[in-house]
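# Topology and contacts: notes
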Amino acid sequence: MTQPAVPQPQSQPGVAVAEEGLVILDGPAGIAVTMTPDAAARTGQSLLDASAAAREQTPGSAST
Amino acid sequence: MFIDRFLRGRRGAQLDEAERARLEAAITEVRTFEPRARLVRAGERLTHSTLLIEGFLCRFIDDRRGLRQLVAFHVPGDFVDLHGYPLQTLDHGIATLTAATIASVPHEALAAIERDAPEMARKLWFATLLDAAIHRAWLFRLGRLDAVGRVAHFLCETNARLVLAGLSDGKRFALGLTQNDLAEICGLTNVHVNRVVRALREEHLCLFRASLVEIPDPQRLAARGQFDPAYLYIDERAAQALASSE
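## Overview of the overall build of chain B
A count of helices and strands for chain B gives nine helices and 10 strands. Relative to its length of 246 residues, chain B is compact, with a C-alpha radius of gyration of 18 Å against a globular reference of 18 Å. Over its C-alpha atoms, taken along the principal directions, chain B stretches across nearly 55 × 45 × 30 Å. Every one of the 246 residues in chain B was classed for burial, and the buried ones make up 55%. Carbon and sulfur atoms make up 52% of the accessible area of chain B, which amounts to about 11,200 Å² in all. Charge separation in chain B, taken as the distance between the mean sites of 32 positive and 32 negative side-chain charges, equals 5 Å.

Written out as structure tokens, the structure reads:
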């Protein structure tokens, strides 16, 4: 069956690896980016911060 | 003949002998270009369309900083800017990726075909629609697939197109592209493409080295890249030839 055409939130995480002094993020769903270590670290921190804030926005969910 | 590969193996659109002769006779010039040569600039007024005889070309759009985004890849037999006849100018540039030989067909010859050979004109129209189908697959590849999938999809598509052109046996073909080209085509960095090429090799899906591509198991590579050749509109006979090579 065809899945909804509107992009849905990803429940699968992307996978990051280090390669030749850079960070490669592959997935989810078509994401494929290469970042400097500094950009990757700042992106990672931003993701953690946003993740914590998003959990706070979900009624009844405890922060982890 | 220079136009032998044009629309070869395409469903309901192959040129008959008289049509081939007419198109061949319409060619006014055959030229060879070095790799990385710009053939057409975006916005330039066009009087000819370009048929690719040998080598590989790309279509591209530059961003404000002059950085290039590839938007199409062409193999021998493609009528690269047939759409330049009705449009008169292109919204993108055309350049060689490898050394390439091209034939020029004046727009006035295409106008004559449109005027007095409607069935042949329909086949030329088919060629531009095929381009559009390949563009849709390009969007799907970049928008939906992961890095390995993008490269796998592109190599499967290229293999199928080269089988039709008689330039691949279905498992092995010459592709004078660098990993940098592959990176541009698949919207990846060089480092990422390097990693993908290694992963494909380690999974025995594909060997990409120098100018040669080897695909030990085309079906597995197609599955990895979610590649379905339906959008290439291959006729039954050519499809069987493609399938038997897998």
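## Overview of the side chain of B:Asp81
Residues and elements named next belong to chain B. The topology assignment puts Asp 81 in the loop between strand 5 (68-74) and helix 2 (84-87). Here Asp 81 sits buried without a salt bridge, and the closest side chain of opposite charge, Arg 59, lies 8.0 Å off (N-O distance). One polar contact links the side chain of Asp 81 to the main-chain amide nitrogen of Thr 50, over a distance of 2.5 Å. When sequence neighbours within four positions are dropped, the list of residues in contact with Asp 81 reads Val 40, Leu 46, His 48, Ser 49, Thr 50, Leu 90 and Ile 94.

## What about the packing of helix 5 (residues 147-164) of chain B against helix 6 (residues 179-186) of chain B?
All names here are of chain B. Running from amino to carboxyl end, helix 5 crosses helix 6 at an angle of 105°, the nearest separation of the two axes being 10 Å. The orientation of helix 5 with respect to helix 6, classified from their angle, is roughly perpendicular. Every residue of helix 6 that contacts helix 5 at Arg 150, Val 151 and Phe 154 is listed here: Leu 182, Ile 185 and Cys 186. Its residues assigned to classes, the contact of helix 5 with helix 6 comprises five nonpolar, no polar and one charged.

## Quick word on the sheet that holds strand 8 (residues 172-174) of chain B
All names here are of chain B. Sheet architecture is open: three strands sit in the order 8-10-9, paired in antiparallel fashion. Sheet topology places strand 8 and strand 9 (207-209) at the edges, where each strand pairs with a single neighbour. On average, each strand axis in the sheet is tilted by 10° relative to the strand beside it, whichever way the strands run. Pairing between strand 9 and strand 10 (residues 212-214): three bridges, direction antiparallel. For Phe 208, the partnering residue across the bridge sits in strand 10 and is Val 213.

## Thoughts on the confidence of the model for chain B
Scored by pLDDT, chain B comes out at a mean of 93, with 100% of its residues at no less than 70. Two summary scores accompany this predicted model of the complex, namely pTM at 0.91 and ipTM at 0.76.

## Let's talk about helix 7 (residues 190-202) of chain B
With 13 residues, helix 7 of chain B extends 18 Å between its outermost C-alpha atoms, agreeing within 8% with the 18 Å of an ideal straight helix rising 1.5 Å per residue. Backbone geometry just after helix 7 of chain B places B:His204 at a positive phi near 55°.

Criteria and thresholds
- Residues numbered from 1 in each chain as written.
- Chains lettered and ligands numbered in written order.
- Predicted model: local features only at pLDDT ≥ 70, side-chain atom pairs only at ≥ 80, totals over all residues.
- Heavy atoms only, no water.
- Helix = DSSP H or I, 4+ residues; strand = E, 2+ residues; numbered from the N terminus.
- Rg over C-alpha atoms; globule rule 2.2 N^0.38 Å.
- Buried < 20%, exposed > 50% of the residue type's maximum accessible area, 1.4 Å probe, protein only.
- Areas by Shrake-Rupley, 256 points an atom, 1.4 Å probe, with all protein chains shown as cover.
- Lys, Arg positive; Asp, Glu negative; His and termini not counted.
- Charge placed at Lys NZ, Arg CZ, Asp CG, Glu CD.
- Salt bridge = Lys/Arg side-chain N within 4 Å of Asp/Glu carboxyl O.
- Polar contact = N/O pair within 3.5 Å; in protein donor to acceptor, adjacent residues only side chain to side chain.
- Contact = heavy atoms within 4.5 Å.
- Axes fitted to C-alpha atoms, helices over the stretch in contact; angles between N-to-C directions.
- Parallel < 35°, antiparallel > 145°, perpendicular 65-115°, else oblique.
- Nonpolar A, V, L, I, M, F, W, Y, C, P; charged D, E, K, R; others polar.
- Pairing = 2+ DSSP bridges.
- pLDDT = per-residue confidence, 0-100.
- Expected span 1.5 Å × (residues − 1).

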